[in-house]
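Examination of the molecular architecture
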Amino acid sequence: MIKEYLEKINIIYSDIRSKNKNQLRKRREEIDFKLPKISEIERKIGRLSAELSLSAIRGNTITDKDFTDLKEKITSLRADKYELLVSNGYPMDYLELKYDCPLCKDTGYIGNKRCSCYKEKISKLYLKDSNLNKIFDKNSFKNFSLSYYSSENSGYEKDSPRKNMEKVLSSCYKFIEEFPNSNENLLFYGTPGTGKTHLSHAIAAELLKTGYFVLYKTSEDLIQDLRDIRFNKDKYREEILDYCDLLIIDDLGTEGNNVFSNTEFFNFLNKRLLNEKKLIISTNLELDDILKNYDDRITSRLLGNFTIYKFYGDDIRVKKNMNKIKK
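Notes on the structure follow. Values in this document were obtained by computation on a predicted structure and should not be read as measured data.

**Details of the overall build of the protein chain**
On a plain count of helices and strands, the protein chain comes out with 13 helices and seven strands. In terms of overall size, the protein chain is more extended than a compact globule, its C-alpha atoms giving a radius of gyration of 29 Å where 327 residues would be expected to give roughly 20 Å. Projected onto its principal axes, the C-alpha positions of the protein chain cover 90 × 50 × 30 Å. When the 327 residues of the protein chain are sorted by exposure, 41% land in the buried category. Counting only contacts in the protein chain whose residues sit at least 6 apart along the sequence, the fraction spanning at least 24 positions is 77%. For the protein chain, the exposed surface amounts to about 18,900 Å²; the carbon and sulfur share of it is 50%. In the protein chain, 58 positive and 51 negative side-chain charges are present, and the distance between their average locations comes to 3 Å.

**Topic: the layout of surface pockets**
Left-over empty space is what a probe sized like a water molecule reveals as it rolls over the atoms. Roughly 500 Å³ of volume is contained in the largest pocket. Counting only elements with at least two residues in the lining of the largest pocket, the list comes to α5 (132-138), α7 (196-209) and α13 (316-326). For the lining of the largest pocket, the element with the highest residue contribution is α7, accounting for four residues. In terms of residue class, the lining of the largest pocket is built from five nonpolar, 10 polar and six charged.

**Thoughts on the pattern of salt bridges**
As enumerated under the stated definition, the model contains 17 salt bridges in all. A salt bridge links E29 to R25; its shortest N-O distance comes to 3.1 Å. Separated by four residues within a single helix, E29 and R25 lie in helix α1 (residues 2-34), roughly one turn from each other. According to the relative accessible area criterion, E29 is partly exposed, its value standing at 45%. Here the salt bridges do not stand alone but share partners, grouping K217, D225, D228, D234 and R237 into one network.

**A closer look at the nonpolar core**
Judged by nonpolar contacts, the single largest core of 40 residues is most densely connected at I122, F265, L269 and I281. Secondary-structure elements contributing two or more residues to this core are α1, α4 (116-130), α8 (219-231), α9 (235-243), β5 (246-250), α10 (259-274), β6 (278-283) and α12 (296-304). Counting residues per element, this core draws most heavily on α10, at six residues. Once residues within four sequence positions are removed from consideration, L269 is found in contact with L279, I281, I298, R301, L302 and F306. Formed by 27 residues, the second largest nonpolar core is a distinct cluster that contains V214, L246, I280 and Y309.

**Here's the deal with the side chain of S261**
With respect to the helices, strands and loops of the structure, S261 is situated in helix α10. Those residues in contact with S261 that sit more than four places away from it in its chain are I223 and G256.

**A look at unusual backbone geometry**
You will see that K105, though not glycine, has its phi angle at about 55°, which is positive. If you trace the backbone, K105 turns up in the loop between α3 (64-87) and β1 (109-110). For K105, a relative accessible area of 47% puts it in the partly exposed group. Phi angles above zero are rare outside glycine, and E276 is one such case at about 55°. Within the secondary structure layout, E276 lies in the loop between α10 and β6.

**Considering the sheet that holds strand β7 (residues 307-311)**
Taken in spatial order, the five strands make up an open sheet running β4-β5-β6-β3-β7, and their pairing is parallel. One side of each edge strand has no neighbouring strand; the edge strands of this open sheet are β4 (214-218) and β7. Each strand axis lies, on average, 15° off the axis of its neighbour in the sheet, ignoring direction. Relative to β5, β4 runs parallel, the two sharing five bridges. Residue pairing in the sheet places K217 in a bridge with I249 of β5. Packed on one face of the sheet, α7 meets β3 (186-190), β4, β5, β6 and β7 and runs near 155° to β3. Against the sheet, α8 engages β4 and β5, with an angle of about 100° to β4.

**Some details on α10**
Its 16 residues place the ends of α10 22 Å apart at the C-alpha level, agreeing with the 22 Å of an ideal helix rising 1.5 Å per residue. Every buried residue of α10 is accounted for by F260, S261, N262, E264, F265, F266, F268, L269, N270, R272 and L273. Looking at the buried residues of α10, the elements they touch are α8, α9, β5, β6, α11 (287-293) and α12. Near the N-terminus of α10, the side chain that reaches the backbone nitrogen of F260, with its oxygen 3.1 Å away, is that of N258.

**What to know about the packing of aromatic side chains**
All told, the structure shown has 13 aromatic pairs when counted by the stated rule. Their ring planes at 45° and their centres at 4.7 Å tell us that Y90 and Y94 sit as a pair that is tilted. Look at Y94 and you get buried, because its relative accessible area is 15%. Plain terms: the ring middles of F141 and Y173 are 4.7 Å apart, the flat faces sit at 35° to each other, and that makes the pair tilted.

Rules behind the numbers
Residues numbered from 1 in each chain as written. Predicted model: local features only at pLDDT ≥ 70, side-chain atom pairs only at ≥ 80, totals over all residues. Heavy atoms only, no water. Helix = DSSP H or I, 4+ residues; strand = E, 2+ residues; numbered from the N terminus. Rg over C-alpha atoms; globule rule 2.2 N^0.38 Å. Buried < 20%, exposed > 50% of the residue type's maximum accessible area, 1.4 Å probe, protein only. Contact = heavy atoms within 4.5 Å. Areas by Shrake-Rupley, 256 points an atom, 1.4 Å probe, with all protein chains shown as cover. Lys, Arg positive; Asp, Glu negative; His and termini not counted. Charge placed at Lys NZ, Arg CZ, Asp CG, Glu CD. 1 Å grid on protein atoms, 1.4 Å probe; cavity = no way out; pocket = protein on both sides within 12 Å on 5 of 7 lines; lining within 4 Å. Points joined across faces, edges and corners; volume = space filled by probe spheres on them. Nonpolar A, V, L, I, M, F, W, Y, C, P; charged D, E, K, R; others polar. Salt bridge = Lys/Arg side-chain N within 4 Å of Asp/Glu carboxyl O. Core = buried A, V, L, I, M, F, W, Y, C linked by side-chain atoms within 4.5 Å. Pairing = 2+ DSSP bridges. Axes fitted to C-alpha atoms, helices over the stretch in contact; angles between N-to-C directions. Expected span 1.5 Å × (residues − 1). Polar contact = N/O pair within 3.5 Å; in protein donor to acceptor, adjacent residues only side chain to side chain. Phe/Tyr/Trp six-rings, centres within 6.5 Å; stacked < 30°, edge-to-face > 60°.

Have a look at this one:
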């Protein structure tokens, strides 16, 4: 599937280039018909440019004055061309190739690095194929309600569930705002149904809107990906996991606790942290359970390299279902 994304993107860029070339051809045909003098000027510019190139190659066969005169004639003809276009209601660059992305000129690459538009395209493909658009629409900041959180203090927590969630919500907005310039990672933990997945999705949706490549994986799915990378040499899957700007890992602790999963998860986690590639991890485990279930290397990264937020309160899913029953 990952290989298919890359192949599809190559086709998308090829189609974009073809579209823009066809549009330029149509504009040229229009100008040839309406303003044939411009075509004549362009032919003159072409001949002089060829003469200029040949003289540069031949060196001593042309004087400096003649070389300068050629350049001035070309400049003058270009000025005539632009004047004709503008005086007839066309922009100066009407006969130049237009790009959807001027940065990479619709290649997807700036030098050896992928352009930001490449990330946007692969992100949209991933969303379309994985059907995550519906999930992110369902779990957004717009439909996240603090009304499900009690304003009454309970248990040993310093803040009420609502006050705590107000702080978490504010931190989520800050995470999005500072995303381009921050290396912060988030760890959401606490009881089921308290909004961890909802806010993870909401953050993802906002970042996707601004062109960042976000991947969402359950911990079980991630371990399966790592298994395919290790045993099936799936380099495309590995590239996507390494390449994404933000990886969200949901339901940490459900992937099964064994030597392989722990080793591969540590290696992957450590690699992303070293490369300063951001993560959001959510889990129903308490911190004590994380310490029990994972070895020291993993817990050191989770508790040392992540900003930790505890979620608590009533199970929102239960509350919503109870409200439906009452109606």
